[in-house]
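Okay, here's what each chain looks like letter by letter:
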Amino acid sequence: MQEYLVISAIGEDKPGIINGLSKAAGESGCNILDTRMTVLGGEFALMMMISGQTEQISSAETAIPQVADRFGLTTILKRTHPRSSKDASSPYFISVVSLDHPGIVREIAGFFSERDINIEEMETGTYAAAHTGSPMFSLELAVNVPANLAIAPLKEAFIAFCDERNLDATIEPRR
């Protein structure tokens, strides 16, 4: 029977972490299905989902923390299941850019939460604007819009919401 394991790891960034963790999963006989990894400040952060037979997942649950310990990582391992599609929805991609200020993520997350739209993925970052050096903020979201919501009014409401806050935004079908 196919089983699934989600691995979360965080710790000081060092060369070889991805190699070590992926090698432990592979040597356990597991398949890496999905991975997100980034470096935030000087910290490495990873989320990975693997699959395998019961004994392979059990082996990975032993091997991965051993590798993580060698790199000084803190890990959380949790068995899970494949995501089921409960109802029809349309995937959309949202991009926002603006001058950086507190509250942008909270306000945008609130906009979608109030409409029962699930945020599937989110990436944010800050950078200095070309020429002026002003602190800029960027946000990218992947959302699933429920089938019962009309897209055109949603887009209009989101763009108006962003215009009120001086956020430059787009909302497009996800490819």
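Above this note sits the structure.
Bear in mind the structure is a predicted one, so any value in this text is a computation, not a measurement.

A. Representation of the overall build of the protein chain. When helices and strands are tallied, the protein chain shows four helices and eight strands. In the protein chain, the succession of α and β elements from N to C terminus is β-α-β-β-α-β-β-α-β-β-α-β. Over its C-alpha trace the protein chain gives a radius of gyration of 20 Å, far above what one expects of a compact globule, namely 16 Å for 175 residues. Summarising its shape, the C-alpha atoms of the protein chain cover approximately 55 × 45 × 25 Å along the three principal directions. Buried positions account for 31% of the 175 residues belonging to the protein chain. In the protein chain, once contacts between residues fewer than 6 apart in sequence are set aside, the share between residues at least 24 apart is 71%. In the protein chain, the 14 positive side-chain charges and the 23 negative ones have mean positions that sit 4 Å from each other.

B. Fine view of the layout of surface pockets. By volume, the largest pocket amounts to about 1,000 Å³. Lining the largest pocket are 28 residues, and of these Asp34, Arg36, Met47, Glu120 and Glu121 lie nearest its centre. Every element with two or more residues in the lining of the largest pocket is listed here: strand S1 (2-12), strand S2 (31-40), strand S3 (43-53), strand S6 (118-128) and strand S7 (135-146). For the lining of the largest pocket, the element with the highest residue contribution is S2, accounting for six residues.

C. Spatial organisation of a nonpolar patch on the surface. A surface patch of nonpolar side chains, about 220 Å² in accessible area, is lined by Ile18, Met37 and Val39. Topologically, Ile18 is positioned in helix H1 (residues 17-27). The exposure class of Ile18 is partly exposed, given its relative accessible area of 37%.

D. Seen up close, H1. What H1 keeps buried is the set Ile17, Gly20, Leu21, Ala24 and Ala25. Down the axis, H1 shows its buried residues gathered within 130° of arc, on one side only. Those residues of H1 that are exposed and angled more than 90 degrees off the buried face are Asn19 and Glu27. In this structure, the buried residues of H1 make contact with S1, S2, S3 and helix H2 (54-71).

Reading the values: the criteria
Along every chain, residues carry numbers that run from 1 in the direction the sequence is written. The predicted nature of this model means local features are confined to residues of pLDDT at least 70 and side-chain atom pairs, given and counted, to a pLDDT of 80 or more, with totals for whole chains, interfaces and linings taken over all residues. Calculated side-chain values reflect all of the structure's heavy atoms, with hydrogen atoms and water omitted. Segments assigned H or I by DSSP are reported as helices when at least four residues long, segments assigned E as strands when at least two residues long, and all are numbered from the N terminus. When we talk radius of gyration, it's over C-alpha atoms, and the globule rule is simply 2.2 Å times the number of residues to the 0.38. A 1.4 Å probe rolled over the protein chains alone gives each residue an accessible area, and that area as a share of the maximum for its type sets the label: buried under 20%, exposed over 50%, partly exposed in between. Two residues qualify as a contact provided that any one of their heavy atoms is within 4.5 Å of a heavy atom in the partner residue. The charge count includes Lys and Arg as positive and Asp and Glu as negative, but it does not include His or the ends of the chains. To locate a charge, take NZ of a lysine, CZ of an arginine, CG of an aspartate or CD of a glutamate. The rule is simple: put a 1 Å grid over the protein atoms alone, call a set of points where a 1.4 Å probe fits but cannot get out a cavity, call an open set with protein on both sides within 12 Å along at least five of seven lines a pocket, and count a residue as lining if it has an atom within 4 Å of a point. Grid points are joined across faces, edges and corners, and a volume is the space filled by probe spheres set on the points. Two distance rules govern patches: like charges are joined within 9 Å, and nonpolar side chains (Val, Leu, Ile, Met, Phe, Trp, Tyr) within 5 Å, applied only to residues with over 30% relative accessible area and no salt bridge. Exposure was quantified through the Shrake-Rupley algorithm and a 1.4 Å probe, taking into account, for residues, occlusion by the shown protein chains and nothing else. Think of a salt bridge as a Lys or Arg side-chain nitrogen and an Asp or Glu carboxyl oxygen that are within 4 Å of each other. Each direction from the helix axis to a C-beta atom contributes to the arc, which is the arc of those directions.

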